[in-house]
Amino acid sequence: MLIGVPKEIKNHEYRVGLTPSGVRELVAAGHKALVQTQAGLAIGFTDEQYIQAGASIASNAEEVFERADMIVKVKEPQPVECRLLRPGQVLFTYLHLAPDPEQTKLLIESDAVAIAYETVTDERGGLPLLAPMSEVAGRMAIQAGAHALEKAQGGRGVLLGGVPGVAPAKVVVIGGGVVGLNAARMAMGTGADVTILDKSLARLKEIDMVFGGRIKTLMSNSANIDESIRDADMVIGAVLIPGAAAPKLVTRAMLKTMKPGAVLVDVAIDQGGCFETSRPTTHQDPIYMVDGIVHYCVANMPGGVARTSTQALTNATLPYTLELANKGWRQALLDNAHLRNGLNICRGRVTYQAVAQDLGYAY
Ligand code: NAD
C-alpha cells in the first residue's frame, strides 16, 4: 500500500503523521511511503531522513493526496484537504467530528474512509491513540506550571522541590487519569509535595499502589478540593467526564482563599476547563492573572513539544497503520473491533453513533 504523509497546515502545527522510523517500519513490511517535502523539517525530521528510511518525497500536498492509498496525518483535515481526498481513500488522523459539522459534511462528500485516532479503543476500555497526548500534556503541565510559579511570570516565586532546609512546593492534581498520573509523576520527580484527588476510589487505590504512598490521595469532593487548594502552590486540572464538558470544580470565589501567586494549570481546558476562571490560551501568550492567581490554559499543549509528541504519536499509531496497510481497511476493521471503533465516516455515511447523534445524521 502507498501511505501518504502531507505537511500539516493548521496554524502553528509542527507535528507530522509519521516519523522517519515509522516510515522505515512500513517500508520493511513491504509498503511504500510518500512524504510531502519539509513535512517534518520544523521538528528536525529532514527529507533526507525520510528518504533514507525508504520514503519518496512529494513536492506538494496535491501529489500526496492524488497518489496515496492511505493518508496518515495528525490534525483533522482542513477544508482544502477534505476536497483533495479521493473516493475509497483511507484517512487516518485525529478528527474530533462531533463539534465540527463542516468537516463532517466535507468528509461525507469526499466518499473516503475516515478513521479517527481519538475513538480507537483498547481492551481495557482506554483510548490508546489519545493517551500519548495526555501523557505529554500531563508531564508538560508541571514544567509549564513551574515556570509560571517564577516571580517574573506573576507567580509566588517558589521552587517546586525546595532546597535542603526549605520545604518543597505543594502540588494538587485534580483528576487521576492519564494526564493526572503523568503530572503527579513529574511533580514527584522534582521533589514537590503531591496530592491527587479523584472521584473514583478504585483509581485512588491504584495510584496509592503505584506510588507506594509517596503521593497523597484524596477523594474528590467540594470540601476536600476547597481545603487542599488553600494551601497549594500549584493546582493541575486534569478531570474528564467522557463526552461532557468539564465540571467547574474551582469557582472564582475560591481563588480568594488561595495563596497570592499560586498557579492554576487547566489541562482540561479543551473540554471547557475545570476552573470557573479558565479561558483557552495559546503557546504565544499562555498565562493570565485573575484575582492574583496565575492561570495557564493552553488548549493544545502537546503542540509545544511537537517533536516529542510526534514520536509518541507514531509509537502509538504505527501498529494500527501497519494493520490497515497489511490487510486493507475492510479486513483490518473486520478483524479488530477496537480499530473498527475508530471508523467515523465510511464512503459517504457517518458510522460513529455519537457523531451521527450530535450532528443529526442517520446512523
Ligand atoms: P482520563 O479519562 O484518563 O482521566 C480523567 C480522570 O478524571 C478520571 O480518573 C476520572 O475519574 C477523573 N474525574 C472525573 N470527574 C472528576 C472529579 N469531579 N474530580 C476528580 N476527578 C474526576 O482523561 P485524561 O486523558 O487524563 O484527560 C484529562 C483532560 O485533559 C481531558 O479533558 C483531556 O481532553 C485533556 N487534555 C488536554 C490537553 C491539552 O493540550 N490541554 C492534552 C491532552 C488531554
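Just so you know, these numbers come straight off a predicted model, no measurement behind them.

1. Focus on unusual backbone geometry
So, point 1. Of note in this structure, Asp291 is not a glycine but carries a positive phi near 50°.
So, point 2. Position of Asp291 relative to the elements: it lies in the loop between strand E12 (287-290) and strand E13 (293-296).
So, point 3. On the basis of relative accessible area, Asp291 is assigned to the partly exposed category, the value being 34%.
So, point 4. In this structure, Arg347 takes a positive phi of about 45° despite not being glycine.
So, point 5. Checked against the element boundaries, Arg347 lands in the loop between strand E14 (343-346) and strand E15 (349-350).
So, point 6. On the basis of relative accessibility, which here comes to 38%, the residue Arg347 falls in the partly exposed class.

2. Some details on the sheet that holds E15
So, point 1. Strand order in the open sheet formed by 8 strands is E3-E2-E1-E4-E5-E6-E14-E15, with mixed pairing between adjacent strands. Strands with a single pairing partner mark the edges of an open sheet, and in this sheet they are strand E3 (56-58) and E15.
So, point 2. Bridging between E14 and E15 involves 2 bridges; their strand directions are antiparallel. Opposite Cys346, over in E15, you have Arg349 as the bridge partner.

3. Observations concerning the environment of Ile345
So, point 1. Within the fold, Ile345 resides in strand E14.
So, point 2. Accessibility expressed as a relative area gives 0% for Ile345, which makes it buried.
So, point 3. For the pair Ile345 and Glu63, spaced 282 residues apart in sequence, the C-alpha separation works out to 23 Å.
So, point 4. Setting aside residues no more than four positions away along its own chain, Ile345 makes contact with Leu97, Thr104, Leu107, Ile108, Ala112, Val113, Ala114, Val350 and Thr351.

4. Observations concerning helix H11 (residues 306-327)
So, point 1. Under the 1.5 Å per step criterion, the end-to-end length of H11 is 30 Å for 22 residues, consistent within 8% with the ideal 32 Å.
So, point 2. Taking the largest bend as the criterion, H11 deviates by roughly 45°, centred on Thr317, and proline Pro319 comes between one and four positions later.
So, point 3. Trailing H11 by a residue or two, Gly328 shows a phi angle of about 85°, which is positive.

5. Looking at the sheet that holds E13
So, point 1. Taking strand neighbours across the sheet as the criterion, the 7 strands line up as E9-E8-E7-E10-E11-E13-E12 in an open arrangement whose pairing is mixed. Two strands close off the open sheet at either side, each with one partner strand: strand E9 (216-219) and E12. Each adjacent strand pair in this sheet contributes to an overall mean axis angle of 20°, direction not counted.
So, point 2. Pairing of strand E8 (residues 193-198) with E9, which is carried by 4 bridges, proceeds in the parallel orientation. Residue pairing across strands places Ile196 opposite Thr217, the latter belonging to E9.

6. Quick look at the packing of helix H1 (residues 20-28) against H11
So, point 1. Running from amino to carboxyl end, H1 crosses H11 at an angle of 20°, the nearest separation of the two axes being 10 Å. The angle between H1 and H11 places the two elements in the roughly parallel class. For the element pair H1 and H11, the recorded crossing hand is right-handed. On H11, the residues touching Gly22, Glu25 and Leu26 of H1 are Thr314, Leu318, Thr321 and Leu322.

What counts and what doesn't
Residues take numbers from 1 onward in each chain, read along the sequence in its written order. Confidence filtering applies because this is a predicted model: local features only for residues at pLDDT of at least 70, side-chain atom pairs given and counted only at 80 or more, and all residues used for totals across whole chains, interfaces and linings. Side-chain numbers come from the whole structure's heavy atoms, not from hydrogens or water. In DSSP terms, a helix is any run of H or I states spanning at least four residues, a strand is any run of E spanning at least two, and both are numbered starting from the N terminus. Think of it in three bands: with a 1.4 Å probe and only protein chains considered, a residue is buried below 20% of the maximum accessible area for its type, exposed above 50%, and partly exposed in between. Pairing between strands is defined by DSSP: at least two bridges between them are needed. By definition in these notes, contact holds between two residues if any of their heavy atoms fall within 4.5 Å. The length a helix should cover is 1.5 Å for every residue beyond the first. Note on bend: at a given residue it equals the angle between the axes fitted to the 7 residues ending there and to the 7 starting there. The angle between two axes is taken between their N-to-C directions and runs from 0 to 180 degrees, where each axis is a line fitted to C-alpha atoms and a helix contributes only its stretch in contact. Oblique is the label for every angle not falling under 35 degrees (roughly parallel), over 145 degrees (roughly antiparallel), or within 65 to 115 degrees (roughly perpendicular). For any helix crossing, the convention is left-handed if the near helix is rotated counterclockwise from the far helix by under a right angle, and right-handed if that rotation is clockwise.

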